[in-house]
Amino acid sequence: PGVRYEGLEQEFENGQRTGAGSDGDGSMDVFGGGVGLNYELNDRVRFFGGAYSGYSTPGPRAAINNGLDEERSYSVELGTRYDDRNGFNAEVVYFYTDYQDLIVDDNITTGAADPANAGDIDVHGVEFVAGYDPAIAQGWDVHLPMSVAFPWTDATFDGDTAPSHEESPLTRPP
């Protein structure tokens, strides 16, 4: 488990601009954290899960001039791992992440990279990973791990990269 706190004192100055928005200062407090659990059923099978929260802060100019909020994320994962102790292993994981106030550069309609809080994204999916190490099976002193992963992801975006321009939706969520 872990907790993270950041108290940010932000300021900016643009020596080439004068007037409103050419400089400013402000502050922001953000928290994040998470906890993970692992249950070993036996020497081959483990179950795990976790819940996490995170953030991404906007730059000083965007936070102060544009009033941008920090981007927030809340995630959970549940899964199981199998290891036959003879070179084969597999993992299946379900994950869900809720992004709030996604920060994107609004350069679609304006031509300038003006950051904006675009909206929210819900992402969920399942990932299957399988691996094999023939060196373990043969008892070699070196390892030759190989693996393959198959993810399935579904994401839903509720927002817009330019709230004042309905014709410019975000089409590629993370």
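Preceding block: the structure.
### Quick look at the overall build of the chain
A tally of helices and strands in the chain yields 2 helices and 9 strands. The N-to-C order of helical and strand elements in the chain reads β-β-β-α-β-β-β-β-β-α-β. Within the chain, buried positions represent 29% of all 174 residues. The long-range share in the chain, meaning contacts at least 24 apart out of those at least 6 apart in sequence, stands at 56%. Carbon and sulfur atoms provide 50% of the accessible area of the chain, an area that totals close to 11,100 Å².

### Things to note about a nonpolar patch on the surface
Where nonpolar side chains cluster on the molecular surface, the patch consists of L78, V92, Y94, V126, F128, V148, F150 and W152 and spans about 730 Å² of accessible area. For the nonpolar patch, the elements supplying multiple residues, two or more each, are β5 (88-100), β8 (119-132) and β9 (146-159). Per-element accounting of the nonpolar patch gives the leading share, 3 residues, to β9. Looking at the secondary structure, you find Y94 in strand β5.

### Thoughts on the sheet that holds strand β4 (residues 71-83)
Read across the sheet, 7 strands follow the order β1-β2-β3-β4-β5-β8-β9 without closing on themselves; strand pairing throughout is antiparallel. The sheet is open, and its two borders are formed by β1 (2-13) and β9, each paired with just one other strand. Direction aside, neighbouring strands of the sheet carry axes that sit 10° apart on average. Note that strand β2 (residues 23-40) and strand β3 (residues 45-56) share 8 bridges and pair antiparallel. Within β3, the residue paired with L37 across the bridge is G49.

### What about a negative patch on the surface?
Where like charges cluster on the molecular surface, the negative patch consists of E9, E11, E13, D23, D25 and D29. At the level of elements, β1 and β2 are the ones that each hand at least two residues to the negative patch. For D23, the location among the structural elements is in strand β2.

### Observations concerning the packing of aromatic side chains
Following the criterion strictly, the structure yields 2 aromatic pairs and no others. With a centroid separation of 4.9 Å and 45° between ring planes, the pair formed by Y5 and F31 is classed as tilted. Within this pair, whereas Y5 is found in strand β1, its partner F31 is found in strand β2, the two being separated by 26 residues in sequence. Relative accessible area serves as the criterion here: at 45%, Y5 is assigned to the partly exposed category. Seen in terms of ring centroids, Y82 and F88 are 6.3 Å apart; in terms of plane orientation they differ by 50°. Their pairing is tilted. Owing to a relative accessible area of 34%, F88 belongs among the partly exposed residues under this scheme. Above the plane of the ring of F48 lies R81, whose end atom (NZ or CZ) is 3.9 Å from the centre.

About the thresholds
Residues numbered from 1 in each chain as written. Predicted model: local features only at pLDDT ≥ 70, side-chain atom pairs only at ≥ 80, totals over all residues. Heavy atoms only, no water. Helix = DSSP H or I, 4+ residues; strand = E, 2+ residues; numbered from the N terminus. Buried < 20%, exposed > 50% of the residue type's maximum accessible area, 1.4 Å probe, protein only. Contact = heavy atoms within 4.5 Å. Areas by Shrake-Rupley, 256 points an atom, 1.4 Å probe, with all protein chains shown as cover. Patch = residues over 30% accessible without salt bridge, like charges linked within 9 Å, V, L, I, M, F, W, Y side chains within 5 Å. Salt bridge = Lys/Arg side-chain N within 4 Å of Asp/Glu carboxyl O. Pairing = 2+ DSSP bridges. Axes fitted to C-alpha atoms, helices over the stretch in contact; angles between N-to-C directions. Lys, Arg positive; Asp, Glu negative; His and termini not counted. Charge placed at Lys NZ, Arg CZ, Asp CG, Glu CD. Phe/Tyr/Trp six-rings, centres within 6.5 Å; stacked < 30°, edge-to-face > 60°. Lys NZ or Arg CZ within 6 Å of the ring centre and 35° of its normal.

None of this, on its own, says anything about what the molecule does.
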